[in-house]
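Fold and geometry: a report
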Amino acid sequence: MICNECGAMVSELDNGHLLACSGLTLQEYALRHVLPLDLLVSPDRIKTDTAQADLPLMPVAVPDETARAVLAGLRLAGKVHDAGPLCFVEGEVSWLDLLFCDLAQLAPYGFRFRQEYHYAPGSHRVVARNRLVTQKRNLVGPWLPARVPPPEQYLKYAVYLAHAAELHAGFLFLPFASDDEADEAAEFLSRELDVNTRPLAAGTPLLRTLTRADATRLLDRLRSQLESMPGVWPRFHPDTPEITVSKEVVFDSAHFLTDHPARCSNLHGGRYVLHVKVRGQVDPVTGCVLDYGYLKRVVNARVVERFDHHTLNYAGPELAWRSTTEMLSMHIWEQLIDFLPGLTELTLYETPQSWCQYSGPDLETWQRQGSQPLLGRFTDPALGHSPWRHPLRTLDERYATPQARCD
Ligand SMILES: [Zn+2]
C-alpha cells in the first residue's frame, strides 16, 4: 500500500514507518486520512493482551525525584492500571504528546509506548489503545532505595491536575479514588497553595474549588509545572467556542397545592419533563462542554431519584406548602448548581401545555446568598415569632382554664 504521508510503497503501515516518515502514530494517520483501522491493521497484529517479552527488566535506573512525582501524580489521577504482570498508563489519541511527556519522565521505571489494536466485538471494529507499559515489578522492586522522601508534592499535584481535573464554568472539579486521597489533597491545597475546595456528595469522592478565584489561584501556583506539560495550560485556558448543552429527563410525581382555589388543591399525578441547560467552552481534549453521561448522572441522582414516583409535597420541606413548577424549578436549581456551575436555564413542563423557565443565581452568588427564602418559608426559625402572634397568646391565656395552663 502507499503511505499517504510520504508516498512510499510499503507492505504494511506501522508505527515504525509512520513515526519515521511523519511523526504520526497509525491511529493518528487513520484519523487524518479518514481510514478505518480495520483496513490498516492486518489480523495478525490484533492483540488480545500486551506482550511483555520486549519490556525491559529492572533496574534501568534509580527513579529520581521527578520520576517518582510523575508516577505518584498519575496514580492519584487513577491512570496507573494493573494487568497481570504488567502495569500500564493509558492515554487519549487527542493528547498523545502528554503521554509521551509522561514517558520521558517515567523512563527510569522502564515504561515503553505501545499502540495496541483490539477487535471490539460490541462495535464490530478494530480500536486502538495507547499505553505506556512496564513490568509491574519495576515499580516495586527491591532495587528501589529503602528510604525515599515523599515525591515532590507540587509536581505530583500538577501531574494529577493535568490528567484528572476538569474545568467547568471557571471551577475545577477534582475526582479521587478514595476519601483519604480527597482529604489529603484538600488539606495540601489549602495549606500549601491557599486554595479552598468543597467536597461534593457525588457517590464517588469529588472536590470542587470553592470559587473561581480558587481555581485560578490553583492553576497559577502550579503554572511552571503545568506549562512544562504539553497542552495542559491551554486546556485550562481554552480559546474555544461557548456552547449550550441540554439534557431532558422525565419523572412521574403526584402533588397538590395547599389553599389553591381550583382543582390543583386535589392530589393528582402527572409526568414532569425537565430540560437542563449548561453552557461552557468546549474542552479541547474531549471535544465536549460536559460529558452528557455526567450531566445525566447528576440530574438523575439529585432530581429524578428524589421525585420520581413520589408526592412532591412530601419529598422535602421546600415543596411541602406549594409544589408549583415555579417552586420546584427554584429547588431543582439549588440541587444542581453545585455540580453544574455552567447551569444557565431550567425548563420544567408539568403538562405539555404548561411549563416554566427559570435562570437562578450563579454558583458564587448562591454560595454567598444561601437558599431562596421562599423555599424555606416553613422551616424559617423566625416563623411563629412575629409580634402579630402576641394577641393570639393573650387570647389563649384569657380563655384557658387554669388546669390547661402548663406554665
Ligand atoms: Zn510514509
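Note that the structure is predicted; figures quoted are calculated from it, not measured.

Cut-off values and rules
Residues numbered from 1 in each chain as written. Predicted model: local features only at pLDDT ≥ 70, side-chain atom pairs only at ≥ 80, totals over all residues. Heavy atoms only, no water. Helix = DSSP H or I, 4+ residues; strand = E, 2+ residues; numbered from the N terminus. Rg over C-alpha atoms; globule rule 2.2 N^0.38 Å. Buried < 20%, exposed > 50% of the residue type's maximum accessible area, 1.4 Å probe, protein only. Contact = heavy atoms within 4.5 Å. Areas by Shrake-Rupley, 256 points an atom, 1.4 Å probe, with all protein chains shown as cover. Lys, Arg positive; Asp, Glu negative; His and termini not counted. Charge placed at Lys NZ, Arg CZ, Asp CG, Glu CD. Pairing = 2+ DSSP bridges. Axes fitted to C-alpha atoms, helices over the stretch in contact; angles between N-to-C directions. Core = buried A, V, L, I, M, F, W, Y, C linked by side-chain atoms within 4.5 Å. 1 Å grid on protein atoms, 1.4 Å probe; cavity = no way out; pocket = protein on both sides within 12 Å on 5 of 7 lines; lining within 4 Å. Points joined across faces, edges and corners; volume = space filled by probe spheres on them. Nonpolar A, V, L, I, M, F, W, Y, C, P; charged D, E, K, R; others polar. Domains from an automatic or database assignment. Buried area = accessible area lost by both parts, 1.4 Å probe. Expected span 1.5 Å × (residues − 1).

Below, the discussion takes up the overall build of the chain. Along the chain, the regular secondary structure elements total 15 helices and 13 strands. Computed over its C-alpha atoms, the radius of gyration of the chain comes to 29 Å, more than 25% above the 22 Å expected for a compact globule of 407 residues. Counting all 407 residues of the chain, 42% fall into the buried class. In the chain, the share of contacts with a sequence separation of at least 24, taken over all contacts with a separation of at least 6, comes to 66%. Roughly 21,400 Å² of accessible area belongs to the chain as shown, and the carbon and sulfur atoms make up 53% of that amount. Here the chain contributes 39 positive and 50 negative side-chain charges, whose respective centroids are spaced 3 Å apart.

Right, let's get into the sheet that holds strand 7 (residues 197-201). Taken in spatial order, the 4 strands make up an open sheet running 5-6-8-7, and their pairing is antiparallel. In this open sheet, the two edge strands, each paired with only one partner strand, are strand 5 (166-168) and strand 7. For this sheet the average axis-to-axis angle between neighbouring strands, irrespective of direction, equals 30°. In the sheet, strand 7 pairs with strand 8 (residues 205-209) via 5 bridges, with the strands oriented antiparallel. Bridge pairing links R198 to R208 in strand 8. Its contacts with the sheet place helix 7 (residues 153-164) against strand 5 and strand 6 (171-175), and it is angled at close to 100° to strand 6.

Attention shifts here to the sheet that holds strand 13 (residues 354-358). The strand order across the open sheet formed by 5 strands is 11-9-10-12-13, and the pairing between neighbours is mixed. Since the sheet does not close on itself, it has two edges, and those belong to strand 11 (310-311) and strand 13, each with one partner. In this sheet, strand 10 (residues 268-281) lies alongside strand 9 (residues 242-255) in antiparallel orientation, the contact comprising 14 bridges. Counted as the bridge partner of E242 is Q281 from strand 10. Contacts from helix 12 (residues 292-307) reach strand 9, strand 10 and strand 11 within the one sheet, and its direction differs from that of strand 9 by about 20°. Across the face of the sheet, helix 13 (residues 325-336) comes into contact with strand 9, strand 10, strand 12 (343-351) and strand 13 while running at roughly 140° to strand 12.

The subject of this paragraph is the nonpolar core. Formed by 51 residues in total, the largest nonpolar core has its most connected members in L161, L174, L226 and M229. Going through the elements one at a time, helix 4 (65-76), strand 2 (86-91), helix 5 (96-106), helix 7, strand 6, helix 8 (179-193), helix 9 (212-221) and helix 11 (232-236) are the ones with two or more residues in this core. No other element matches helix 7, which puts 8 residues into this core. With sequence-adjacent residues up to four places away left out, L226 is seen in contact with A158, L161, L219, V232 and W233. In this structure, V276, Y294, V303 and L336 belong to the second largest nonpolar core, which totals 40 residues.

We now examine empty space enclosed by the protein. Inspection of the entire model under this criterion finds 1 cavity of 30 Å³ or more. For the lining of the largest cavity, the class distribution of residues is 8 nonpolar, 1 polar and 2 charged.

Before going further, it helps to examine the domain arrangement of the chain. Per the domain assignment, the segments of the chain are domain 1 (15-64 + 88-137), domain 2 (165-236) and domain 3 (242-376). Between domain 1 and domain 2, the C-alpha centre-to-centre distance is 29 Å. The interface of domain 1 with domain 2 comprises 4 residues on the first partner and 6 residues on the second. Contact between domain 1 and domain 2 buries roughly 370 Å² in total, counting both sides, with carbon and sulfur atoms accounting for 79%. Interface area lost by domain 1 to domain 2 is led by W95, L98 and C101, which between them contribute 87%.

So, about the pairing of strand 9. Of the pairings in the sheet, the one linking strand 9 to strand 11 comprises 2 bridges and is parallel in character. Residue pairing for strand 11: A254 is matched across the bridge by T311.

This part is about helix 13. Over its 12 residues, helix 13 extends 16 Å from the first C-alpha to the last, a length consistent with the 16 Å expected when each residue adds 1.5 Å. With respect to burial, helix 13 is a largely interior element, 11 of its 12 residues being buried. Within the span of helix 13, buried status applies to T325, M327, L328, S329, M330, H331, I332, W333, E334, Q335 and L336.

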